[in-house]
Amino acid sequence: MDPIVPRLERDTRRRRRVPLFRHQQVPVRMLVPNFFTLLALCAGLTSIRMGIEGRYELALGAIVFAALLDGIDGRVARLLKASSRFGAELDSLADFVNFGVAPAFLIFNWGLGDLKSLGWICVMIFALASALRLARFNVAAVDEDRPKWQTGYFVGMPTPAAAIVVLLPVYLEHLGIDAFRTSPLMLDVVLVYTLVIAFMMVSTIPTYSGKLLGERISREYVLPIFVLAIGFVALLVTYPFATLSGATIAYLAFIPVSWRRFGTMLAKEASVSDEEAAAARQPEGGRIVAIRSSDPSSRQP
């Protein structure tokens, strides 16, 4: 028997004995983050319906709205100290529907459906990759103990980002590039692009998360951040497809920078660890030399 199997069974039994909530009476503040999660889930389900009916603009808007709510619920939970096992499980299931199933349905009904079974296999792989990505994230959040600087990076592309990025052909079509659905060659490009994004979700390529930015902000950056945030929201509302296209391309272009930065930090951490280990061994060697030099038998008459 694999030696890891008994440990997994013990962990599974232990988690089943843990209650969903720690208190007999649940405070109202514990429910607030779950309302955001449920609202995001409603948006994801609505996106599936809009995609089936061919109303792609509304389906796309529902996915973007769900992504915005997904970025809020976790921060609200930490702010209110309302994190719970129930909320974590609900958030994971909602993310699979909102960012795995809904984008897959949208891009299939939009264009990949013309490829029949091949298009369906492609979007099914995308949905399965999102499920695997979420399962790996949940396990890593419990079992891994990483240095603080590594919390600023995701392992692979997160599912909300993948849901926004994979819809780039839809944005470009609304900007006037109509060849994606009329040309068989362009549909093949969309299929390959969807598979690449699915691979990015299950890969180990580090992508910047920005979590550490939320801890401390210098005072001189507060007003510029407000202006940039308001400007981005205004552009998103006024020019949604151009804004989403630009944000998607910028995000994809930043991935190699993030990967290189992660490798540099990892190498720096390894060199510091080697130096600390060498420094820890050095005093012991010094003591040995001192003892040998004080040995009377080693002295010459």
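So, how was this worked out
Residues numbered from 1 in each chain as written. Predicted model: local features only at pLDDT ≥ 70, side-chain atom pairs only at ≥ 80, totals over all residues. Heavy atoms only, no water. Helix = DSSP H or I, 4+ residues; strand = E, 2+ residues; numbered from the N terminus. Buried < 20%, exposed > 50% of the residue type's maximum accessible area, 1.4 Å probe, protein only. Contact = heavy atoms within 4.5 Å. Salt bridge = Lys/Arg side-chain N within 4 Å of Asp/Glu carboxyl O. pLDDT = per-residue confidence, 0-100. Core = buried A, V, L, I, M, F, W, Y, C linked by side-chain atoms within 4.5 Å. Axes fitted to C-alpha atoms, helices over the stretch in contact; angles between N-to-C directions. Parallel < 35°, antiparallel > 145°, perpendicular 65-115°, else oblique. Left-handed = near helix turned anticlockwise from the far one by under 90°. Phe/Tyr/Trp six-rings, centres within 6.5 Å; stacked < 30°, edge-to-face > 60°. Nonpolar A, V, L, I, M, F, W, Y, C, P; charged D, E, K, R; others polar.

Engineer: I'd like a description of the side chain of Thr37, backed by residues and values.
Structural biologist: Within the secondary structure, Thr37 is located in helix H2 (residues 32–52). Among the residues examined, Thr37 registers a relative accessible area of 4% and is labelled buried. Each residue touching Thr37, except ones within four places of it in the same chain, is listed here: Asp73, Leu90, Asp91 and Ala94.

Engineer: If you had to explain the pattern of salt bridges to someone new, which residues and values would you point to?
Structural biologist: Here the structure, examined in full by the defined rule, presents 3 salt bridges. One salt bridge connects Glu53 with Arg49, and the closest N-O pair in it is separated by 2.9 Å. The residue Glu53 makes a salt bridge to Arg55 at a minimum N-O spacing of 2.5 Å. With relative accessibility at 36%, the residue Arg55 sits in the partly exposed group. One salt-bridge network, held together by shared partners, links Arg49, Glu53 and Arg55.

Engineer: I'd like a rundown of the confidence of the model for the chain, residues and numbers included.
Structural biologist: Averaged over the chain, the pLDDT score is 81; the fraction of residues at 70 or greater is 78%. Confidence drops under pLDDT 50 across residues 286–301; counting only partners more than four residues distant or on other chains, this segment forms 3 contacts.

Engineer: Summarise the nonpolar core; cite the residues concerned and give the values.
Structural biologist: Membership of the largest hydrophobic core comes to 52 residues, with the highest contact counts inside it found for Ile107, Leu112, Phe126, Leu167, Tyr171 and Ile197. The element contributing the most residues to this core is helix H4 (residues 85–110), with 9 residues. In contact with Ile107, other than residues within four places in its own chain, are Leu112, Val123, Val166, Leu167, Val190 and Thr194.

Engineer: Describe the packing of helix H3 (residues 56–80) against H4, and please don't skip the residues or the numbers.
Structural biologist: Where H3 contacts H4, the two axes come as close as 11 Å, and the packing angle between them is 160 degrees. Overall, the two elements H3 and H4 adopt an arrangement that is roughly antiparallel. Relative to H4, H3 is oriented so that their crossing is left-handed. Of H4, the residues touching H3 (which contributes Tyr56, Ala59, Leu60, Ile63, Ala66, Ala67, Asp70 and Asp73) are Asp91, Asp95, Asn98, Phe99, Ala102, Pro103, Leu106, Asn109 and Trp110.

Engineer: Break down the packing of aromatic side chains for me, with residues and values.
Structural biologist: Under the counting rule described, the total for this entry stands at 5 aromatic pairs. Taking the centre distance of 5.3 Å and the plane angle of 75 degrees together, the rings of Tyr153 and Phe262 count as edge-to-face. Taken together, the residues span a long stretch of sequence, with Tyr153 in strand E1 (residues 153–155) and Phe262 in helix H11 (residues 240–293) at a distance of 109 residues. Across the pair, exposure class does not vary: Tyr153 and Phe262 are buried alike. With a centroid separation of 6.2 Å and an interplanar angle of 70 degrees, the aromatic rings of Tyr208 and Phe254 are classed as edge-to-face. Of this pair, Tyr208 sits in strand E2 (residues 206–208) while Phe254 sits in helix H11; the two residues are 46 residues apart in sequence, bridging distant segments of the chain.

Engineer: Break down unusual backbone geometry for me, citing the residues and quoting the values.
Structural biologist: Despite not being glycine, Lys116 has its phi angle at roughly 60 degrees, a positive value. Structurally, Lys116 can be placed in the loop between H4 and helix H5 (117–143).

Engineer: Tell me about the packing of H2 against H3, residues and numbers included.
Structural biologist: A packed helix pair is summarised by two numbers, namely the angle formed by the two axes and the spacing between the axes. Where H2 meets H3, the closest approach of the two axes is 8 Å, and the angle between their N-to-C directions is 165 degrees. If you check the angle between H2 and H3, you find them roughly antiparallel. Judged by the twist between their axes, the crossing of H2 over H3 is left-handed. The residue inventory of the contact of H2 with H3, partitioned by class, reads 19 nonpolar, 3 polar and 1 charged.

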